[in-house]
Amino acid sequence: FKQKTAYEISRSDWSSDVCSSDLSYLSLIHRASNYLVEVERKGIRVDLEKAKWFSKVIAKEAWKLREEIETIELIYMDETGEVKKKLNPNSWQQVSHYLYVMKGYKKLDPTAPGTDEDSLAWIIEQYDDPVASKITRYRKLNKLNGTYLLRIHAHVHVDGRFHANYRIIGTETGRTSSGGGDPKRNPTGPTNIQNIYRSEDTDIKERILKLYETQEE
């Protein structure tokens, strides 16, 4: 069943291929697949106007953060002498130079560039650096907008709904995975874009989220 979609499992004849001790577990998988096939068929309605509004709000906050980050002036030395640049939060080289050359912080991992999410979280915890906090927030907002909101139209069908494909055993650890867009893939937080889903589908959305939460426990 690994990597098979809920539809493929629900339509397959697997009973003759397993031993009796596995029947109870596989019967549960089969029933869950039947349920998710119905979820796939119905889909979840998306409020595209609200998605556009969220996108504008997030883009505005991200731009403001970038302007604040760019007030930091980097100082380099090359063959011509001293060079000054504005700190670009999208450049790992410049972020690394700011944190470990200008500020003199220690790295979480001495062998790595030290600009990934875990490294920045460690810098914030150890040194309470406000610029690192702004860079982290800026990156999260850009990902939220670029990965989810700006691409949302590509996942919405002509009926105005997401129709995701679910895999009951979709990962190496046995968790459910999905493709084609679904509520779990959209992150929560201070800017909760899960609110773009129509209230009429709240029950389905909550049941899908509960399925993932149960697996994570």
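Here, every reference points to the structure presented above.
Below or above, wherever it landed, is the structure these notes cover.

1. What to know about the nonpolar core
Step number 1: With 29 residues, the main nonpolar core has Val46, Leu87, Leu99, Ile135, Ile152 and Ile196 as its most contacted residues.
Step number 2: Counting only elements with at least two residues in this core, the list comes to helix H3 (48-69), helix H4 (92-102), helix H5 (117-127) and helix H6 (130-148).

2. Considerations on unusual backbone geometry
Step number 1: One non-glycine residue with positive phi stands out, namely Asp128, at about 50°.
Step number 2: Here Asp128 lies in the loop between H5 and H6.

3. Here's the deal with the pattern of salt bridges
Step number 1: Under the definition given, this model contains five salt bridges.
Step number 2: Taking the shortest distance from any N to any O, the salt bridge between Lys52 and Glu49 comes out at 3.7 Å. Pair noted here: Lys52 and Glu49 are both in helix H3, with a separation of three residues, about one helical turn.

4. Some details on the environment of Gln94
Step number 1: Mapped onto the elements, Gln94 comes out in helix H4.
Step number 2: When its relative accessible area of 13% is taken as the criterion, Gln94 is described as buried.
Step number 3: Separated by 21 residues in sequence, Gln94 and Thr115 have C-alpha atoms that sit 9.6 Å apart.
Step number 4: In contact with Gln94, not counting residues within four places along its chain, are Leu74, Tyr76, Lys85, Lys86, Leu87 and Asn88.

5. Regarding the packing of aromatic side chains
Step number 1: Under the definition given, this model contains three aromatic pairs.
Step number 2: Geometrically, the ring pair formed by Trp53 and Phe54 is edge-to-face, given 5.3 Å between the ring centres and 70° between the ring planes.
Step number 3: Residue classification places Trp53 among the exposed residues on the basis of a relative accessible area of 52%.
Step number 4: According to the relative accessible area criterion, Phe54 is buried, its value standing at 9%.
Step number 5: Ring geometry for Trp122 and Tyr127: centres 6.2 Å apart, planes at 80°, overall edge-to-face.
Step number 6: Classification of Tyr127 by relative accessible area gives partly exposed; the value is 33%.
Step number 7: Three or more aromatic residues joined by ring pairs form one cluster here, namely Tyr105, Trp122 and Tyr127.
Step number 8: When the ring centre of Tyr76 is taken as reference, the NZ or CZ atom of Lys85 above it lies at 5.7 Å.
Step number 9: For the cation-ring pair, Lys107 lies above Tyr100, with the distance from its terminal atom to the ring centre recorded as 5.2 Å.

6. A closer look at the packing of H3 against H6
Step number 1: Two elements in contact, H3 and H6, have axes separated by 9 Å at closest approach and are oriented at 150°. With respect to each other, H3 and H6 are oriented roughly antiparallel. Judged by the sense of rotation from one axis to the other, the crossing of H3 with H6 is left-handed. Facing H3, whose interface residues are Ser55, Ile58, Ala59, Glu61, Ala62, Leu65, Arg66, Glu68 and Ile69, H6 presents Lys134, Ile135, Arg137, Tyr138, Leu141, Asn142, Leu144 and Asn145.
Step number 2: Class assignment of the residues belonging to the contact of H3 with H6 gives a composition of nine nonpolar, three polar and five charged.

7. Some thoughts on the pairing of strand S2 (residues 73-78)
Step number 1: Summarising the sheet, S2 and strand S3 (residues 81-86) pair through six bridges and their orientation is antiparallel. Across the sheet, the residue bridging to Leu74 is Lys85, located in S3.
Step number 2: A loop of two residues connects S2 with S3, the two strands running antiparallel in sequence.

8. Section: the packing of H5 against H6
Step number 1: At a minimum axis separation of 9 Å, H5 and H6 run at an interaxial angle of 145°. In this structure, H5 crosses over H6, and the sense of that crossing is left-handed. Along its contact with H5, which presents Glu117, Leu120, Ile123 and Ile124, the element H6 presents Ala132, Ser133, Ile135, Thr136, Arg139 and Lys140.
Step number 2: When the residues that make up the contact of H5 with H6 are grouped by side-chain class, the tally is five nonpolar, two polar and three charged.

Calculation notes
Residues numbered from 1 in each chain as written. Predicted model: local features only at pLDDT ≥ 70, side-chain atom pairs only at ≥ 80, totals over all residues. Heavy atoms only, no water. Core = buried A, V, L, I, M, F, W, Y, C linked by side-chain atoms within 4.5 Å. Buried < 20%, exposed > 50% of the residue type's maximum accessible area, 1.4 Å probe, protein only. Helix = DSSP H or I, 4+ residues; strand = E, 2+ residues; numbered from the N terminus. Salt bridge = Lys/Arg side-chain N within 4 Å of Asp/Glu carboxyl O. Contact = heavy atoms within 4.5 Å. Phe/Tyr/Trp six-rings, centres within 6.5 Å; stacked < 30°, edge-to-face > 60°. Lys NZ or Arg CZ within 6 Å of the ring centre and 35° of its normal. Axes fitted to C-alpha atoms, helices over the stretch in contact; angles between N-to-C directions. Parallel < 35°, antiparallel > 145°, perpendicular 65-115°, else oblique. Left-handed = near helix turned anticlockwise from the far one by under 90°. Nonpolar A, V, L, I, M, F, W, Y, C, P; charged D, E, K, R; others polar. Pairing = 2+ DSSP bridges.

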